[in-house]
Amino acid sequence: MSNDVSTVLASAIRLSVPLTFAGVGEYVAERAGTLNISVEAMMLSGAYAGALGTSVSHNAAAGLVWGMAAGLLVGVIHGNFSHRLQANTFVVGLTLNVLALGVTNYLVQKINMTPRQVGIWKVPLLWRIPVVGKPMFAERWPAYFLVAVIPAVWWVMHRSRWGLEMRSVGENPKAADVTGIHVNRRRRQGLMLCGVLAGLGGAYLSVGEVGTFNSNMTAGRGFIVIAAVIFGGWTLRGTIAGCLLFGGVDAMRLALPALGYTINPQLLIASPYVIALLAMCFFAKRLRQPAALAQPFERGAT
Amino acid sequence: MTDVVSAPPPAPPGAPPARRPTPQRKRPVGLRSTLATVGLYVASLAAAFAVSALMVALTHGSPSKVFTAMYDGSVKGFGSFGYTLDNATPLIIVAVGAVVSSRAGLFNIGQEGQVTIGAMAGAFVALKVHPAGPVVLVLALLAAAVGGALWAGIAALLRFWRGVEVVISSLLLTFVAFEVLSYALSRTFLLHEHGAGGASLTESDQLSSKVQLPHYGQYPHFNFGTGLLIGLVLAAVVGLVLTRTTLGFRIRMLGLNAVAAKRVGINAARLGTLALLVSGACAGLAGGVMLTGQAYRITPTVSNNVGWNGLLVALVARNNAWVAIAVALGFGALQSGGGFLATTGVPTDLVNVIEALIVLAAVFPPALQELRRRRARTADTAGADAAPGVVGGDA
């Protein structure tokens with residue numbers, strides 16, 4: 001029994017890590033007012049670039065950097081189209097998703113890769129704790145970046161001037177603009193940070209967990225990330241809780257049949273989206289979205 | 001209509017003199033600006049194709065062979081053109097629906113899910129209602145439309161009952177729809193194939209030929225599925241309703257200025273729900289047409305990205321139902337051309353790349369012109385504020 005718990009927990013954490021990287025990024029982008037649906041493209045291109053990077057440089061760490069760079073590229077394109085040219089953010093996001101899927105599917109068939117996988121690092125002592133030790137403290141080492149990334153993002157968003165500006169352009173861009181904040185620049189920066197983190201999440205998936213790149217590897221994880229931010233009511237805490245929950249649900253789907261329990265897989269796959277929808281329905285008061293979410297800002301327009 | 005370039009409105013005759021000297025900056029109008037617009041579009045599209053060609057060349061492919069193959073597969077000869085028409089058909093239908101909801105100011109992006117549910121509902125009727133015949137075919141198509149409408153109706157309900165953004169709910173519902181279909185396909189009493197000896201796949205039985213949409217012509221000659229006619233009629237009707245009727249005027253008003261619409265007594269909830277239902281019904285119908293006109297059986301991937309692509313068609317067509325037909329034909333040509341790529345050794349996924357780049361290329365020119373116009377305007381007012389005659393300041 002404790003072995004089963006350990007197995008499911010380990011699987012849940014492994015599946016939550018990429019979601020959490022991307023979720024933290026998506027949180028930043030959404031707080032700045034972009035309902036970013038290209039996070040799927042960021043993760044997928046990050047996963048591909050990560051695998052390609054390790055294979056070109058023979059260095060697993062370099063793969064992570066490549067992944068972040070690819071996510072950043074998607075973020076830069078999205079930001080410039082939707083917060084400089086003011087093209088509709090959903091058009092751009094959907095298109096980037098199609099583009100990333102097309103490009104990665106194309107390249108994976110044309111370029112041979114010999115990707116590497118990063119190693120496991122065990123936290124001294126802690127990993128020996130029975131039942132929870134091994135699942136929680138013996139991870140592929142990039143997973144521990146989260147320990148730094150989450151507090152860093154929290155501090156930047158809630159304790160720095162830049163973060164205050166980011167949140168204000170998501171709540172009231174006109175007021176922010178009058179105060180002298182460059183609204184669209186902040187939003188572009190939000191997308192870039194989201195790209196870096198989602199790209200890292202994608203790269204973690206390919207060079208961290210799996211050790212190779214498969215076609216459409218992220219398989220809609222980006223959309224689960226969006227659901228997690230919604231479920232979390234646009235708070236960092238809630239977003240991370242959502243990522244852990246949805247990672248856990250995914251783990252159940254994979255683990256329970258193997259452990260001899262029968263469960264409806266469709267229900268589990270659909271549950272993140274249903275949970276997010278129900279949360280929005282019934283906790284509408286508490287789950288308040290940024291007031292200017294998904295509304296373009298243009299100076300002088302009423 | 002959504003004209004790309006609009007000249008500034010002329011000052012009304014006899015208007016009082018402006019309070020401050022407004023700089024008379026000449027803006028390009030007429031032929032010159034039209035030429036500039038066309039040039040910009042051509043340059044953007046050329047850039048999209050150039051990037052695609054570059055990608056092919058960098059991966060040791062031959063761009064010329066690729067484009068020849070795509071030309072052969074899409075528009076060379078009546079036979080290939082038939083494929084293009086068949087690929088464009090569901091895109092037209094989805095796009096027409098997307099136009100309706102977007103014009104009402106509700107951004108439904110869940111067409112992929114609505115297509116899925118529509119195809120599922122259509123398959124259910126087509127397979128379960130006996131005896132099969134033309135009546136059942138019509139019923140199946142109706143069921144598809146109703147299924148899609150109901151799925152979009154959930155988004156409408158959440159919007160007007162709990163205030164959940166349609167963009168979010170319709171997006172999330174798409175992924176729920178996939179699992180609903182997956183569930184139905186895994187249960188024999190629903191849609192799962194009645195296989196011989198249990199070796200059945202996760203797909204439905206094949207539709208009886210009596211509930212299939214007729215197809216005119218054979219491959220080497222001119223041919224098309226009759227679903228195309230449904231799409232064309234739908235586009236014409238929706239285009240007319242939107243531009244020539246009171247209902248259409250109200251829908252557009254709701255989308256352009258919800259406050260003004262409320263002042264004149266438009267019930268946003270009712271009209272918005274109607275627009276969403278129509279948009280979902282179109283997406284569902286597209287699923288039904290794909291099922292009865294091309295696929296003939298339902299598989300987990302029955303929607304085949306038609307929902308996403310149809311939405312992109314509507315957006316590239318700048319929410320004009322008639323323009324959407326032309327754009328859908330372009331997308332259909334890309335897809336049928338992609339079918340011929342196998343001979344060149346280039347993966348078919350190239351089609352998705354080209355398609356996405358074309359969408360970005362189509363989004364770019366109007367956005368750039370709008371940006372320029374805005375900058376010019378801001379520069380005007382900034383100059384007027386600072387000192388008359390001095391034009392300065394950056395937007």
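Thresholds, definitions, all that
Residues numbered from 1 in each chain as written. Chains lettered and ligands numbered in written order. Predicted model: local features only at pLDDT ≥ 70, side-chain atom pairs only at ≥ 80, totals over all residues. Helix = DSSP H or I, 4+ residues; strand = E, 2+ residues; numbered from the N terminus. Contact = placed C-beta atoms within 7 Å. Expected span 1.5 Å × (residues − 1). Buried ≥ 20, exposed ≤ 12 C-beta atoms within 10 Å, placed from the backbone. Domains from an automatic or database assignment. Nonpolar A, V, L, I, M, F, W, Y, C, P; charged D, E, K, R; others polar. Core = buried A, V, L, I, M, F, W, Y, C linked by C-beta atoms within 7 Å. pLDDT = per-residue confidence, 0-100. Axes fitted to C-alpha atoms, helices over the stretch in contact; angles between N-to-C directions. Parallel < 35°, antiparallel > 145°, perpendicular 65-115°, else oblique. Left-handed = near helix turned anticlockwise from the far one by under 90°.

## Considering the environment of G284 of chain B
All names here are of chain B.
- As for its placement among the helices and strands, G284 is situated in helix α10 (residues 268-295).
- Put simply, G284 and T246 are 38 residues apart on the chain and 26 Å apart in space, counted from C-alpha to C-alpha.
- Every residue in contact with G284, bar those within four places of it in the chain, is listed here: Q114, V115, I117, G118, A121, A144, A145, V146, G147, G148 and A149.

## Considering helix α4 (residues 89-110) of chain A
- Over its 22 residues, α4 of chain A extends 31 Å from the first C-alpha to the last, a length consistent with the 32 Å expected when each residue adds 1.5 Å.
- By the criterion of burial, α4 of chain A is predominantly enclosed, with 20 of the 22 residues buried.

## Section: the environment of V166 of chain B
Residue and element names in this part refer to chain B.
- Here V166 shows up in helix α6 (residues 166-185).
- For V166 and I109, which are 57 residues apart along the polypeptide, the C-alpha to C-alpha distance reads 8.1 Å.
- If near-sequence neighbours (up to four positions away) are discounted, V166 is found in contact with L106, F107, N108, A155, R159 and L276.

## What to know about the domain arrangement of chain B
Residue and element names in this part refer to chain B.
- Here chain B is partitioned into domain 1 (30-61 + 348-372) and domain 2 (72-345).
- On a C-alpha basis, the centroid separation for the pair domain 1 and domain 2 is 27 Å.
- Across the boundary between the two partners, domain 1 contributes eight residues, which contact nine residues of domain 2.
- Tallied by class, residues from the side of domain 1 that touches domain 2 come to five nonpolar, two polar and one charged.

## Some points on the nonpolar core
- Counting residues in each nonpolar core, the largest one holds 215 residues, and the members touching the most others are A227 of chain A together with V94, A95, V96, V313, A324 and A328 of chain B.
- For this core, the element with the highest residue contribution is helix α5 (residues 134-162) of chain B, accounting for 15 residues.
- Each of two domains, domain 1 (30-61 + 348-372) and domain 2 (72-345) of chain B, supplies a minimum of three residues to this core.
- Once residues within four sequence positions are removed from consideration, A95 of chain B is found in contact with G310, V313, A314, A317, A324 and A328 of chain B.

## Points about the confidence of the model for chain B
Residues and elements named next belong to chain B.
- The pLDDT averaged across chain B works out to 84; a share of 87% of its residues lies at or above 70.
- Contacts of residues 1-8 to residues separated by more than four positions or lying in other chains number eleven contacts, the stretch itself having pLDDT below 50.
- Across the interface, the model reports ipTM at 0.90; the global pTM reads 0.88.

## Considerations on the packing of helix α2 (residues 39-57) of chain A against α4 of chain A
Residues and elements named next belong to chain A.
- Viewed as axis vectors pointing N to C, α2 and α4 meet at an angle of 20°, and their least axial separation amounts to 8 Å. By the angle between their directions, the pair α2 and α4 is classed as roughly parallel. The two elements α2 and α4 meet at a crossing, and its hand is left-handed. In contact with E40, A41, L44, S45 and Y48 of α2, α4 contributes L96, N97, L99, A100, L101, T104, L107 and V108.
- Tallied by class, the residues present in the contact of α2 with α4 amount to nine nonpolar, three polar and one charged.

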